[in-house]
Amino acid sequence: MRILIADDASDAREILGRLLKRWGHEVVTASNGREAWEILERETIRLVISDWMMPEVDGLELCIRIRAGQWDHYIYFILLTARDDKDDLIEGMTAGADDFLTKSFNFEELRVRLRAAERILSLESQLASRNSKLEETNRKLHAALDRIEQDLRAAAALQASLLPKDPNVSPAVALAWLFLPATEIGGDIFDFFRLNDRDLGFYHLDVAGHGVPSAMMSVTLSRTMSAELGEGHLIAPPGGESRVRAPDAVVADLNRRFQSGDIAPYFTMVYGYIDTQSGHGELCQAGHPHPLLARRDGRVEQVGHGGFAVGMLEGVPYDSVGFTLESGDRLILYSDGITDSRNAEGESFELERLIGLAGDCSDTPPATLTTRVDEILRVWRGAGEIEDDISLLVLQRR
């Protein structure tokens, strides 16, 4: 080990230096504290044996300077003095000395103390090495997290691009919606689209869980529904009694195609259509929260039969139910992220509050309802995070 001896007595430096060299150490000497400090500033030394009483800068001041300095390694400091008073020991240790020896020390005593110093410095080196590795690992983790966040933002932008953009798809139906993912990306998705010159199709679905797997599944389902529409699979074949396929038949097809097993999550949904001229429509509820029919006069009723989630069980039956929207009536589709939203006391928002809002906003535009739901849920949650994706789709017959 490289050891700096600071002592104004040349004979003491010589004797101690020869002894340390005999024990296999490399020795550097200084005649006072100022010289020792200059050596420490330009050379890497990890152990100092310093006399207390020296001209210009004494051992105590040298120790104080070392402890106040900024080093990339620890410097072990042994204060050597002719003093043996208890108060001197306390003063030296308070200044930052690691060890304290009187000049009448036994050579074997010094050797033992140097071994203790070597163990401490070895442990410090190991700790510094581990800290360096941890810092490097943390740097790599932060870089990986930055890449993940960038990917999540890109995925969120992709998912947002799949959400509806134009509420004026039909002059006969006013539309509004709300989407608040629990993370940057979510498992809820919804859409509406023209099936033909009279019928408007719509769906609202919620993939089990949230985060990346659910979001990937929701994007897949959105693409699937777009493909189904583009290929005409949502339209009844020629000669059929209806212009569009029954919603239960569409959902049953999805259930056959998306049997999750241990790979993909299942999902709940409502799929249906409305004849924009007559106001008559049909929908199929597959494990999703009951759609609400909010009448113009403020009455609110539930519609649907519950049903099984899609992709959970093979061959389960699905039913279509009819509904009618008179002028001013609206159909409200929503995810359970609204009704399950909790306040600071752990109380759920519950369906009754949503029904109350739907009734209170019955004589306002659909966008007023979505805005009010957003505002009230923010107050309800307070500073709490969104636990599950929140989404709401409102269709109102003009």
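Residues numbered from 1 in each chain as written. Predicted model: local features only at pLDDT ≥ 70, side-chain atom pairs only at ≥ 80, totals over all residues. Heavy atoms only, no water.

Caption draft 1: The confidence of the model for the protein chain, seen in detail. The predicted model of the protein chain has a mean per-residue pLDDT of 90, with 97% of residues at 70 or higher. Of all secondary-structure elements in the protein chain, the lowest mean pLDDT belongs to helix α4 (residues 86-95), at 83, while strand β14 (residues 330-334) reaches the highest, 98. (pLDDT = per-residue confidence, 0-100. Helix = DSSP H or I, 4+ residues; strand = E, 2+ residues; numbered from the N terminus.)

Caption draft 2: Structural context of the nonpolar core. Formed by 47 residues in total, the largest nonpolar core has its most connected members in Phe202, Phe267, Met269, Tyr271 and Leu331. Here this core takes six residues from strand β9 (residues 267-275), the largest share from any one element. Contact partners of Tyr271, with chain neighbours within four places excluded, come to Phe193, Leu195, Phe202, Tyr203, Met225, Leu234, Pro247, Val250, Val251, Glu282, Leu283 and Cys284. Of all hydrophobic cores here, the second largest spans 23 residues; its members include Leu4, Trp52, Val57 and Ile75. (Core = buried A, V, L, I, M, F, W, Y, C linked by side-chain atoms within 4.5 Å. Buried < 20%, exposed > 50% of the residue type's maximum accessible area, 1.4 Å probe, protein only. Contact = heavy atoms within 4.5 Å.)

Caption draft 3: Up close: the packing of aromatic side chains. Following the criterion strictly, the structure yields eight aromatic pairs and no others. Look at Phe193 and Tyr203: their rings are 6.1 Å apart centre to centre, the planes differ by 45°, and that puts the pair in the tilted class. A residue pair is termed long-range when its members are at least 10 positions apart, and Phe193 in strand β7 (residues 188-194) and Tyr203 in strand β8 (residues 199-207) qualify at 10 residues. In terms of burial, Phe193 and Tyr203 fall into one category: buried. Centre to centre, the rings of Phe349 and Trp380 are 5.5 Å apart; their planes meet at 85°, and the pair counts as edge-to-face. Here the residue Phe349 occupies a position in the loop between α8 (336-339) and α9 (350-360), and Trp380 occupies one in helix α10 (residues 366-381), the gap between them amounting to 31 residues. For the pair Phe349 and Trp380, a shared accessibility class is recorded, and that class is buried. (Phe/Tyr/Trp six-rings, centres within 6.5 Å; stacked < 30°, edge-to-face > 60°.)

Caption draft 4: A look at the UniProt feature "modified residue: 4-aspartylphosphate" (unreviewed entry) in the protein chain. The sites that carry the UniProt feature "modified residue: 4-aspartylphosphate" (unreviewed entry) are, in the present numbering, Asp51. For Asp51, the position within the fold is in strand β3 (residues 47-51). Its relative accessible area of 4% is what places Asp51 among the buried residues. The contact partners of Asp51, leaving out residues within four places of it in the chain, are Ala6, Asp7, Asp8, Gly59, Leu79, Leu80, Thr81 and Lys103. (UniProt positions renumbered as here; feature names shortened; annotations may be inferred.)

Caption draft 5: Examining the UniProt feature "coiled-coil region" (unreviewed entry) in the protein chain more closely. Following the UniProt record, the feature "coiled-coil region" (unreviewed entry) maps to residues 120-154 here. Across residues 120-154 one finds 100% helix and 0% strand; the C-alpha atoms that close the span lie 50 Å apart.

Caption draft 6: The arrangement of the sheet that holds strand β11 (residues 292-294) in detail. Pairing within the open sheet is antiparallel, and its five strands lie in the order β6-β15-β14-β11-β12. The strands lining the two open edges of the sheet, one partner per strand, are β6 (173-180) and β12 (300-302). Each strand of the sheet is rotated relative to its neighbour by a mean of 20°, with strand direction disregarded. In this sheet, β14 lies alongside β11 in antiparallel orientation, the contact comprising three bridges. For Leu293, the partnering residue across the bridge sits in β14 and is Leu331. Contacting β11, β12 and β14, α9 crosses the sheet at an angle of about 135° to β12. In the packing of α10 onto the sheet, contacts are made with β6, β14 and β15 (390-397), and the angle to β6 comes to roughly 20°. (Pairing = 2+ DSSP bridges. Axes fitted to C-alpha atoms, helices over the stretch in contact; angles between N-to-C directions.)

Caption draft 7: Spatial organisation of helix α1 (residues 10-22). Its 13 residues place the ends of α1 18 Å apart at the C-alpha level, agreeing with the 18 Å of an ideal helix rising 1.5 Å per residue. Against the buried residues of α1 lie β1 (2-6), β2 (26-30), β3, β4 (76-81) and α5 (107-162). Just downstream of α1, Gly24 is the residue with a positive phi angle, here 95°. (Expected span 1.5 Å × (residues − 1).)

Caption draft 8: Quick peek at the packing of α1 against α5. Contact geometry for α1 and α5: axes closest at 12 Å, N-to-C directions at 60°. Judged by the angle between their axes, α1 and α5 are oblique. The two elements α1 and α5 meet at a crossing, and its hand is right-handed. Across the interface between the two elements, Ile15, Leu16, Leu19 and Leu20 from α1 touch Phe107, Leu110 and Leu114 from α5. Of the residues that constitute the contact of α1 with α5, the class distribution is seven nonpolar, no polar and no charged. (Parallel < 35°, antiparallel > 145°, perpendicular 65-115°, else oblique. Left-handed = near helix turned anticlockwise from the far one by under 90°. Nonpolar A, V, L, I, M, F, W, Y, C, P; charged D, E, K, R; others polar.)

Caption draft 9: Summary view of the environment of Asn32. In this fold, Asn32 is placed in the loop between β2 and α2 (33-42). Residues Asn32 and Asp7, 25 residues apart in the sequence, show an inter-C-alpha distance of 5.8 Å. Ignoring any residue separated from it by four or fewer positions in sequence, one finds Asn32 in contact with Met54, Pro55, Glu56 and Val57. A polar side-chain atom of Asn32 sits 2.8 Å from the main-chain amide nitrogen of Glu35. (Polar contact = N/O pair within 3.5 Å; in protein donor to acceptor, adjacent residues only side chain to side chain.)

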